[in-house]
Amino acid sequence: MELTAEQIAEVLGGVVDGDREAKVTTFARIESGKPGSISFYANPKYEKYVYSSKATIIIVNKSFEPKESLKATLVRVDDAYSAVAALLDYVTAERKKYCRHRGRHCHIAFSSKIGKKVYVGDCSFIGKKAKVGDFTKIYEQVYIGEGVEIGSRCIIYPGVKIYPGMKIGNNVIIHANAVIGADGFGFAPLEDGTYRKIQHTGNVIIGNDVEIGANTCIDKSQIGSTIINDGVKNDNLCQIAHNVEVGRNTVMSAMVGIAGSTKVGEHCIFAGQVGIANGLKIASNTTIGAQSGIISNINEEGEVLFGTPALKHREFLRAYAVFRRNGRGGGKQD
Amino acid sequence: MELTAEQIAEVLGGVVDGDREAKVTTFARIESGKPGSISFYANPKYEKYVYSSKATIIIVNKSFEPKESLKATLVRVDDAYSAVAALLDYVTAERKKYCRHRGRHCHIAFSSKIGKKVYVGDCSFIGKKAKVGDFTKIYEQVYIGEGVEIGSRCIIYPGVKIYPGMKIGNNVIIHANAVIGADGFGFAPLEDGTYRKIQHTGNVIIGNDVEIGANTCIDKSQIGSTIINDGVKNDNLCQIAHNVEVGRNTVMSAMVGIAGSTKVGEHCIFAGQVGIANGLKIASNTTIGAQSGIISNINEEGEVLFGTPALKHREFLRAYAVFRRNGRGGGKQD
Amino acid sequence: MELTAEQIAEVLGGVVDGDREAKVTTFARIESGKPGSISFYANPKYEKYVYSSKATIIIVNKSFEPKESLKATLVRVDDAYSAVAALLDYVTAERKKYCRHRGRHCHIAFSSKIGKKVYVGDCSFIGKKAKVGDFTKIYEQVYIGEGVEIGSRCIIYPGVKIYPGMKIGNNVIIHANAVIGADGFGFAPLEDGTYRKIQHTGNVIIGNDVEIGANTCIDKSQIGSTIINDGVKNDNLCQIAHNVEVGRNTVMSAMVGIAGSTKVGEHCIFAGQVGIANGLKIASNTTIGAQSGIISNINEEGEVLFGTPALKHREFLRAYAVFRRNGRGGGKQD
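Just so we're clear, the structure is a prediction, and the values are computed from it rather than from any experiment.

## Looking at the overall build of chain A
1) Next: In terms of regular secondary structure, chain A is built from 4 helices and 40 strands.
2) Next: Taking 2.2 N^0.38 as the reference for a compact globule, 334 residues should give roughly 20 Å; the C-alpha atoms of chain A span a radius of gyration of 25 Å, well beyond that estimate.
3) Next: Across its three principal axes, chain A shows a C-alpha extent of roughly 80 × 75 × 30 Å.
4) Next: Each of the 334 residues in chain A was classed as buried or not, and the buried ones make up 59%.
5) Next: At a minimum sequence separation of 6, the contacts of chain A that also span at least 24 residues come to 17%.
6) Next: Computed over 41 positive and 34 negative side-chain charges, the separation of the two mean positions in chain A equals 3 Å.

See below:
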């Protein structure tokens, strides 16, 4: 990137206070700005850095009145905090110009249907009858099985593996080495102590505007579909088992595991390393603290839970206070 | 798939009750059957769906007597529940006709030995002196290091990486992006505070009829072997460290971690996110609840454990009842 | 490998006691040695195996005086325990002769800079302006994005994916299917209940002598860098979120998760499945027990912590003793 103060002001609807021609090529935090970088100042506790920063340009709120002299050119905007995201968006979009590309050593089955301006990286594989929508970017070393359907404007990062028959909506981002559609984990015990594999012929359906983290696994159903609804955001190294359904706009941090056939509501927030047992219903707007384990239905919306097995957060805190006091006093006074 | 009621009856040893020529192309749950689909009815609580279902064919027990009129053709069998698995097996086997295939851009070392009707996908790599048994399918983008031995009728899904020297039995399934044989995690602390890597020259030995989940890691030993015995089933995102041995027919759900040199018995069941410390012995037939942590030997067979550090399940439940009561009452009454 | 007793004595600075020409081709544990293998005897509790072992050569301490007759040739050294590591190093180094290699179907961008004797495996991809130092080995099916910098003598195992712009030092080992530089997990909630993606334009900086486990994920920052300092060792399936910094020589077992912007000190040791919340500071020399969860700053160096939320280890043990007693007594006596 290379942007002048004037261009930045235009993008953000702001006003330049200083050198209109000042040029930046990179972003930096306010506390570590260097010449040629742009920083943001929104949180008053960082004010001292505005004066000492070596950043060439600093984005500030219109209301900001410097108490000392400063070297940087300021770009004054209505809301410096949200201006960060807006400028990052602008820069990223600039980089992400759509183009048609066919990598070398990639395989695109004759019977597949590939949209307009689709990028297919080197050594990627697109199976028979697969469909890929317009402007989708499939990076290098991706595997897309037979009959997979992927919508438009998706980004499929290197090494993603999508088993045959899976369906993926529009504007979906899948990070590197994620696996969509491996067999659900199901075995019937036999009399001799061994297990018989239960075949899984279902699929995974992923809605629009979903993001799936790196190395995350979403398994297919035995019959029917594992469903990830619109707007779900899923961090790295998560496990979504067969026949699970995750409601719209639910957000999961890294390493969350959800066991088979559990139905999760909308707008839930799960912190890292949460585990949810199989066959449960989790109401919408449930918040679950890190490392908690859920082993029964959550029927009421809006609960905040913690612990294994999880309790209401306040209950957990009180219970843990007693547990901890026992540790301090050697356990005698109770 | 395309099957008539008559064909299905033949496969399942059942009897058609309705249109022998009725055709289906897909499976559906009884509650969401559509024309052209086949459903199963075994659990009485779903009986109402038998009458309202739009499925073209429904598999039922021979003893089933409809209380209302119904549209679907029935196929009556001895056990509708196990008929699901049998028909899924039949359909899956149909799809899985063995064939010899050499993908483009794959590399098969001249000194390797490849059996009959082996499929090797695009961009896969098979190193020097590796051996692959008959009817094994190696999907696209797989890496098989020098001297690896893989038995017959195995399925190695896309992106699996197998380090040099590993040994894998017959009828083994390894899901996408699993890693077999990375270095065990071992470092000797030096006086200057840094660590010296301990080289791992051992291997991983996987028996017959084992299934390994997507993105699971099984590390090799320093000396000797990490051993996964016959019939072990391993879900996604598990970690099996160096020099571990897992006994026959032990089953692990997703995200289980077993630290170095621990020996696990036969027929154990570990739920999701269980952790087992290093150097332990876990007796056969041990069941460990989700997220539990094991930090000492389990000597007695057949125990059911829960918590971190794990207690006997009943003990844990009683202890947790007290913990929880403290949370409700504010901790005062105890 | 093929080594005689004499060669081994030379490598280890030891003395042969037996047949100087005795030849070995593999390592074995003392309790399972076979003809043609070499074993080590350091721990007195294994003494009986020295006499029964079928190993051709056994490394022993100079001070060892056999109490029975034995068949193996002995190589006597100052410290049999550390001789294991030294001989493994020697053998591994023998195997790892550097060579220039360009795999088939790999892509090396014209504008990239590749050092001396660099190995690039089949189907690997090296993007524009990437730099790779001397003697680095990039295995098969690796993705190295535009502008990535990798130092010298690194080993990048098959299937590793490195997003554009990441920086990696010298002597770094990254195991199979690890992902470096996926987007940090950041979304701004919008009024309609959906989320807006926060773009991440930062990078990941990995120092020298770092080892990263298989399937581990290290995310890039929004602005600035996620930093893994020199000497850090990271086991499989770990998650290091955006903007985290990990201090020198800190060691993490498998499945550890560190949330965004947390700063970890030097020489810490985290056991398996530990979770650390976002935005925290963890002092140097902190030891955290398996499965523990950290939700507040650790300010004092040298603490040993356990539990979720973590307590000092002693405190936890006492508290847990009470918890457990409640489970045994049915909770009545407290």
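Back to the write-up after that little detour.
## A word on the pattern of salt bridges
1) Next: With the rule as written, the count across this model stands at 37 salt bridges over all chains.
2) Next: A salt bridge links Lys197(A) to Asp183(A); the nearest nitrogen and oxygen atoms lie 2.8 Å apart. In this pair, Lys197(A) sits in strand 23 (residues 195-197) while Asp183(A) sits in the loop between strand 21 (179-182) and strand 22 (187-189), placing the two residues 14 residues apart along the sequence. No difference in accessibility class separates Lys197(A) from Asp183(A), as the two residues are buried.
3) Next: Look at the salt bridges and you will find they share partners, linking Asp183(A), Lys197(A), Lys220(A) and Glu211(B) into a network.

## Thoughts on helix 1 (residues 5-12) of chain B
Residues and elements named next belong to chain B.
1) Next: Turning to helix 1, its buried residues are Ala 5, Ile 8, Ala 9 and Leu 12. Down the axis of helix 1, the smallest arc covering the buried residues is 100 degrees, so these residues share one side.
2) Next: Within two residues after helix 1, Gly 13 carries a phi angle of roughly 65 degrees, on the positive side.

## Structural notes on helix 4 (residues 313-329) of chain B
Residue and element names in this part refer to chain B.
1) Next: With 17 residues, helix 4 should reach 24 Å at 1.5 Å per residue; the first-to-last C-alpha distance of 24 Å fits that figure.
2) Next: All buried positions along helix 4 are accounted for by Glu 315, Phe 316, Ala 319, Tyr 320, Val 322, Phe 323, Asn 326 and Gly 327. All buried residues of helix 4 lie within an arc of 155 degrees about the axis, which places them on one face of the element. In this structure, helix 4 carries Arg 314 and Arg 328 as exposed residues pointing more than 90 degrees from its buried face.

## Concerning the side chain of Lys197(C)
1) Next: What makes Lys197(C) buried here is its relative accessible area of 15%.
2) Next: Reaching out from Lys197(C), the side chain makes a polar contact with the side chain of Asp183(C) at a distance of 2.8 Å.

## Section: the environment of Ile228(B)
Residues and elements named next belong to chain B.
1) Next: Mapping Ile 228 onto the fold places it in strand 27 (residues 225-228).
2) Next: Sequence spacing of Ile 228 and Ile 206 is 22 residues, and the spatial spacing of their C-alpha atoms is 4.7 Å.
3) Next: Look past the residues within four positions of Ile 228 in its chain and what remains in contact with it is Ile 205, Ile 206, Gly 207, Val 210, Ile 218, Ile 240 and Val 246.

## Describing the relation of the copies chain A and chain C
Superposition of the two copies of the chain requires a rotation about an axis and a shift along the axis.
1) Next: Note on the copies: chain A fits chain C at an RMSD of 0.1 Å, the axial shift is 0.0 Å, and the rotation between them is 120 degrees. Taken together, these values place the two copies in the relation of a three-fold axis.

## Describing the sheet that holds strand 21 (residues 179-180) of chain B
All names here are of chain B.
1) Next: Pairing within the open sheet is parallel, and its 10 strands lie in the order 9-12-15-18-21-26-29-32-35-38. Whereas interior strands pair on both sides, the edge strands pair on one side only; in this sheet they are strand 9 (107-108) and strand 38 (293-294).
2) Next: Strand direction decides the pairing type here: strand 18 (residues 161-162) and strand 21, joined by 2 bridges, are parallel. Looking at the pairing, Lys 161 lines up with Val 179 of strand 21.

## Digging into the packing of helix 4 of chain B against helix 4 (residues 313-329) of chain C
1) Next: Direction vectors running N to C along helix 4 of chain B and helix 4 of chain C enclose 115 degrees, while the axes themselves pass 7 Å from each other. Looking at the two axes, helix 4 of chain B sits roughly perpendicular to helix 4 of chain C. Once helix 4 of chain B is placed against helix 4 of chain C, the crossing between them reads as right-handed. Where helix 4 of chain B abuts helix 4 of chain C, its residues Glu315(B), Phe316(B), Arg318(B), Ala319(B), Tyr320(B), Val322(B) and Phe323(B) lie against Phe323(C), Arg324(C), Asn326(C), Gly327(C) and Arg328(C).
2) Next: In terms of residue class, the contact of helix 4 of chain B with helix 4 of chain C is made up of 6 nonpolar, 2 polar and 4 charged.

## Section: the interface of chain A and chain C
1) Next: Tallying the contact residues gives 53 residues for chain A and 57 residues for chain C.
2) Next: Both sides of the chain A and chain C interface together cover about 4500 Å² of buried area, and 58% of this is carbon and sulfur.
3) Next: Between chain A and chain C we count 4 salt bridges in total.
4) Next: Residues Glu315(C) and Arg328(A) are paired through a salt bridge, measuring 3.3 Å at the closest nitrogen-oxygen approach.
5) Next: Taken together, the connections running from chain A to chain C amount to 28 residue pairs in polar contact (both at pLDDT 80 or more).
6) Next: At the level of secondary structure, the elements contributing two or more residues to the side of chain A that touches chain C comprise helix 3 (80-95), strand 28 (233-234), strand 31 (251-252) and helix 4 (313-329) of chain A.
7) Next: Top contributing element to the side of chain A that touches chain C by residue count: helix 4 of chain A, with 7 residues.

## Observations concerning the sheet that holds strand 20 (residues 173-174) of chain A
All names here are of chain A.
1) Next: Across the sheet, which stays open at both edges, the 12 strands sit in the order 8-11-14-17-20-25-28-31-34-37-39-40 with mixed pairing between neighbours. Looking at which strands have only one partner, the edges of the open sheet turn out to be strand 8 (101-102) and strand 40 (311-312).
2) Next: Pairing geometry for strand 8 and strand 11 (residues 119-120), over 2 bridges, is parallel. Each bridged residue has a counterpart across the sheet, and for His 101 the counterpart in strand 11 is Tyr 119.

## Brief notes about the nonpolar core
1) Next: If you look at the biggest cluster of nonpolar residues, it comprises 187 residues, and the most contacted ones within it are Phe270(A), Phe270(B) and Phe270(C).
2) Next: Dropping the residues within four chain positions of it, Phe270(C) is found in contact with Val251(C), Met252(C), Ser253(C), Val256(C), Ile258(C), Val264(C), Ile276(C), Ile282(C), Thr286(C) and Ile288(C).

## Digging into the pairing of strand 24 (residues 203-206) of chain B
1) Next: Taken together, the 2 bridges between strand 19 (residues 167-168) of chain B and strand 24 of chain B define a ladder with parallel strand orientation. Paired with Lys167(B) across the bridge in strand 24 of chain B is Ile205(B).

## Digging into the interface of chain B and chain C
1) Next: The interface of chain B with chain C comprises 57 residues on the first partner and 53 residues on the second.
2) Next: For the pair chain B and chain C, the summed buried area comes to about 4500 Å², and 58% of that belongs to carbon and sulfur atoms.
3) Next: A per-residue breakdown of the area chain B buries against chain C is headed by Phe185(B), Tyr195(B) and Ile223(B), which together make up 16% of the total.
4) Next: Viewed at the interface, chain C and chain B are joined by 4 salt bridges.
5) Next: In this structure, Arg324(C) and Glu315(B) form a salt bridge, with 3.5 Å as the shortest nitrogen-oxygen distance.
6) Next: At the surface where chain B touches chain C, the tally comes to 28 residue pairs in polar contact (both at pLDDT 80 or more).
7) Next: With 8 residues, the top contributor of residues to the side of chain B that touches chain C is helix 4 of chain B.

## Thoughts on the pairing of strand 6 (residues 57-61) of chain A
Two faces belong to every sheet, and in a regular strand the side chains alternate between them.
Residues and elements named next belong to chain A.
1) Next: With 4 of 5 residues buried, strand 6 is to be regarded as a mostly interior element.
2) Next: Both strand 5 (residues 37-41) and strand 6 contribute to a ladder of 4 bridges, which runs parallel. In the sheet register, Ser 39 faces strand 6, and the bridge partner there is Ile 58.
3) Next: Crossover connection from strand 5 via helix 2 (residues 47-52) to parallel strand 6: handedness right-handed.
4) Next: Sheet topology note: the strand 6/strand 7 (residues 73-77) ladder contains 5 bridges and is parallel.

## Let's talk about the packing of aromatic side chains
Note on aromatic pairs: each is described by the distance of the centres and the angle between the planes.
1) Next: If you walk through the whole model with that rule in mind, you get 42 aromatic pairs over all chains.
2) Next: Measuring from ring centre to ring centre gives 5.3 Å for Phe125(A) and Tyr143(A), while their planes differ by 10 degrees; the resulting arrangement is stacked. Here Tyr143(A) lies in strand 15 (residues 143-144) and Phe125(A) lies in strand 12 (residues 125-126), a separation of 18 residues in the sequence.
3) Next: You can call Tyr143(A) buried: its relative accessible area is 4%.
4) Next: Both rings, one in Tyr143(A) and one in Tyr139(B), keep their centres 6.2 Å apart while their planes meet at 90 degrees; by these two values the pair is edge-to-face.

## Some points on unusual backbone geometry
1) Next: Between Thr308(B) and the following residue, Pro309(B), the backbone shows a cis peptide bond with an omega angle of -10 degrees.
2) Next: In this structure, Pro309(B) sits in the loop between strand 39 (304-306) and strand 40 (311-312).
3) Next: Phi at Asn243(A) takes a positive value of approximately 70 degrees, unusual for a residue other than glycine.
4) Next: Mapped onto the elements, Asn243(A) comes out in the loop between strand 29 (239-240) and strand 30 (245-246).
5) Next: The backbone phi angle of Ser261(A) is positive, close to 70 degrees, even though this residue is not glycine.
6) Next: Here Ser261(A) shows up in the loop between strand 32 (257-258) and strand 33 (263-264).
7) Next: For Ser261(A), a relative accessible area of 28% corresponds to the partly exposed category.

Definitions and limits used
- Residues numbered from 1 in each chain as written.
- Chains lettered and ligands numbered in written order.
- Predicted model: local features only at pLDDT ≥ 70, side-chain atom pairs only at ≥ 80, totals over all residues.
- Heavy atoms only, no water.
- Helix = DSSP H or I, 4+ residues; strand = E, 2+ residues; numbered from the N terminus.
- Rg over C-alpha atoms; globule rule 2.2 N^0.38 Å.
- Buried < 20%, exposed > 50% of the residue type's maximum accessible area, 1.4 Å probe, protein only.
- Contact = heavy atoms within 4.5 Å.
- Lys, Arg positive; Asp, Glu negative; His and termini not counted.
- Charge placed at Lys NZ, Arg CZ, Asp CG, Glu CD.
- Salt bridge = Lys/Arg side-chain N within 4 Å of Asp/Glu carboxyl O.
- Arc of directions from axis to C-beta.
- Expected span 1.5 Å × (residues − 1).
- Polar contact = N/O pair within 3.5 Å; in protein donor to acceptor, adjacent residues only side chain to side chain.
- Least-squares fit on C-alpha atoms with pLDDT ≥ 70 in both.
- Pairing = 2+ DSSP bridges.
- Axes fitted to C-alpha atoms, helices over the stretch in contact; angles between N-to-C directions.
- Parallel < 35°, antiparallel > 145°, perpendicular 65-115°, else oblique.
- Left-handed = near helix turned anticlockwise from the far one by under 90°.
- Nonpolar A, V, L, I, M, F, W, Y, C, P; charged D, E, K, R; others polar.
- Buried area = accessible area lost by both parts, 1.4 Å probe.
- Core = buried A, V, L, I, M, F, W, Y, C linked by side-chain atoms within 4.5 Å.
- Right-handed = clockwise from strand over helix to strand, strands pointing away.
- Phe/Tyr/Trp six-rings, centres within 6.5 Å; stacked < 30°, edge-to-face > 60°.

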